[in-house]
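Architecture and fold: a report
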Amino acid sequence: MNVESEFVESDSDFYDLEYYLGLEARYVSGAIESRTRNIIAACGDISGARMLDLGCGGGFMAQAFSERGAIATGIDYAKAGIRFGNQRYPDLDLRVGSAYDLTSIFEPKTFDVVTLLDVIEHMGDHDKLLANIRYVLKDSGRLVISTDEDDGVWERFPWNRIFSASNRFSRDGRAGRQIDRIEARRANKRRYHDSHINSIGMADLKALLHDKGFKVVGERVYPMVGVPARDLVLRLLPQRWRGNHQCIVAMKAPADA
């Protein structure tokens, strides 16, 4: 019997084991290698940096940062995600906690880099979220945000259908489509995408960051799933045409800036 569950932000149990198994399959298969590669490039040199991955889930990206020399900590309010991550990566510092409560978990100015990777669209109070991030970031520390480019060209009909169909022409895309088919048959069917309750486009996100005391120092648009031939052409186009995902790097500005 299929069971559907509506998303309520306060319900940390919405994200269950099947959710993290699906994510693991996407990382291991390379289905979202384009995303991983672009985020790591946006982070720059992280060797020796103290990093906090908010909404770390199963610890996949925290592990990638650790492998590149960062001192990585991850927090997530989903207990299933932290249990999953602690089993997969026992050497990582992964904790249950809310991104709204960082002031009660960490000392001020603890981290050089904070990452918010496909998390901001799941959170209802962006003002409170960014205030907490400013608290834990060192002066001139960096915030790296990735999220869907919901107001981008490739999210509009019919271009979204064309873009999605082109994924079948790469190994990564075929792996992702196979995982989608497997997940569609799961017994405990939850509409995980319904947890995107507060999506934000690049222009609005940049304005929000400026308003909350951050200076945008880098941005990129890229495809979540890589298709080499297609993406080579996309890189020749204006930035807004280069994919369906966005990554923004912002620096914590002085309080009086």
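Read on for a plain summary of the structure. (Residues numbered from 1 in each chain as written. Predicted model: local features only at pLDDT ≥ 70, side-chain atom pairs only at ≥ 80, totals over all residues. Heavy atoms only, no water.)

Observations concerning unusual backbone geometry
- Backbone torsion omega between Phe157 and Pro158 reads 5°, so that peptide bond is classified as cis.
- With respect to the element layout, Pro158 can be found in the loop between β5 (137-148) and α6 (159-166).
- Although it is not a glycine, Lys109 sits at a positive phi angle of roughly 55°.
- Relative accessible area serves as the criterion here: at 44%, Lys109 is assigned to the partly exposed category.
- The backbone of Asp118 sits at a positive phi, close to 55°, despite the residue not being glycine.
- You can see Asp118 is positioned in the loop between β4 (111-117) and α5 (126-136). (Helix = DSSP H or I, 4+ residues; strand = E, 2+ residues; numbered from the N terminus. Buried < 20%, exposed > 50% of the residue type's maximum accessible area, 1.4 Å probe, protein only.)

Thoughts on the side chain of Lys252
- As for its position among the elements, Lys252 is in strand β7 (residues 245-252).
- Separated by 2.8 Å, the side chain of Lys252 and the backbone oxygen of Leu137 make a polar contact.
- Not counting residues within four places of it along the chain, the set of residues in contact with Lys252 comprises Lys109, Arg134, Leu137, Lys138, Asp139, Ser140, Gly141, Gly213 and Phe214. (Polar contact = N/O pair within 3.5 Å; in protein donor to acceptor, adjacent residues only side chain to side chain. Contact = heavy atoms within 4.5 Å.)

Let's talk about the sheet that holds β5
- Read from one edge to the other, the open sheet built from 7 strands follows the order β3-β2-β1-β4-β5-β7-β6, with strand pairing classed as mixed. The sheet terminates laterally at β3 (93-96) and β6 (214-222), the two strands that pair on one side only. Geometrically, the sheet is characterised by an average inter-axis angle of 15° between neighbouring strands, direction not taken into account.
- Where β4 lies against β5, 6 bridges are found, and the strand directions are parallel. (Pairing = 2+ DSSP bridges. Axes fitted to C-alpha atoms, helices over the stretch in contact; angles between N-to-C directions.)

Some details on the packing of helix α1 (residues 17-29) against helix α7 (residues 171-184)
- Following both chains from N to C, one finds α1 and α7 inclined at 160°, their axes separated by 10 Å at the closest point. Considering their axes alone, α1 and α7 lie roughly antiparallel with respect to each other. In the crossing of α1 with α7, the sense of the turn from one axis to the other is right-handed. Touching Gly22, Ala25, Arg26 and Ser29 of α1 are Arg171, Ala175, Gly176, Ile179, Asp180 and Glu183, all from α7. (Parallel < 35°, antiparallel > 145°, perpendicular 65-115°, else oblique. Left-handed = near helix turned anticlockwise from the far one by under 90°.)

Description of the side chain of Thr115
- Relative to the assigned elements, Thr115 resides in strand β4.
- What makes Thr115 buried here is its relative accessible area of 1%.
- In terms of polar contacts, Thr115 uses its side chain to reach the side chain of Asp53, at 2.8 Å.
- Excluding its chain neighbours within four sequence positions, the residues that come into contact with Thr115 are Cys43, Met51, Leu52, Asp53, Leu54, Phe65 and Val144.

Some points on the environment of Asn167
- Tracing the backbone shows Asn167 in the loop between α6 and α7.
- Here Asn167 falls in the buried class, since its relative accessible area comes to 14%.
- Here the alpha-carbon distance between Asn167 and Gln239, two residues 72 residues apart in the chain, equals 20 Å.
- Aside from chain neighbours lying at most four places away, what touches Asn167 is Gly173, Arg174, Val225, Val227 and Arg230.

Topic: helix α3 (residues 60-67)
- Of all 8 residues in α3, 6 are buried; the element is thus mostly enclosed.
- Looking at α3, one finds that the buried residues are Phe60, Met61, Ala62, Gln63, Ala64 and Phe65.

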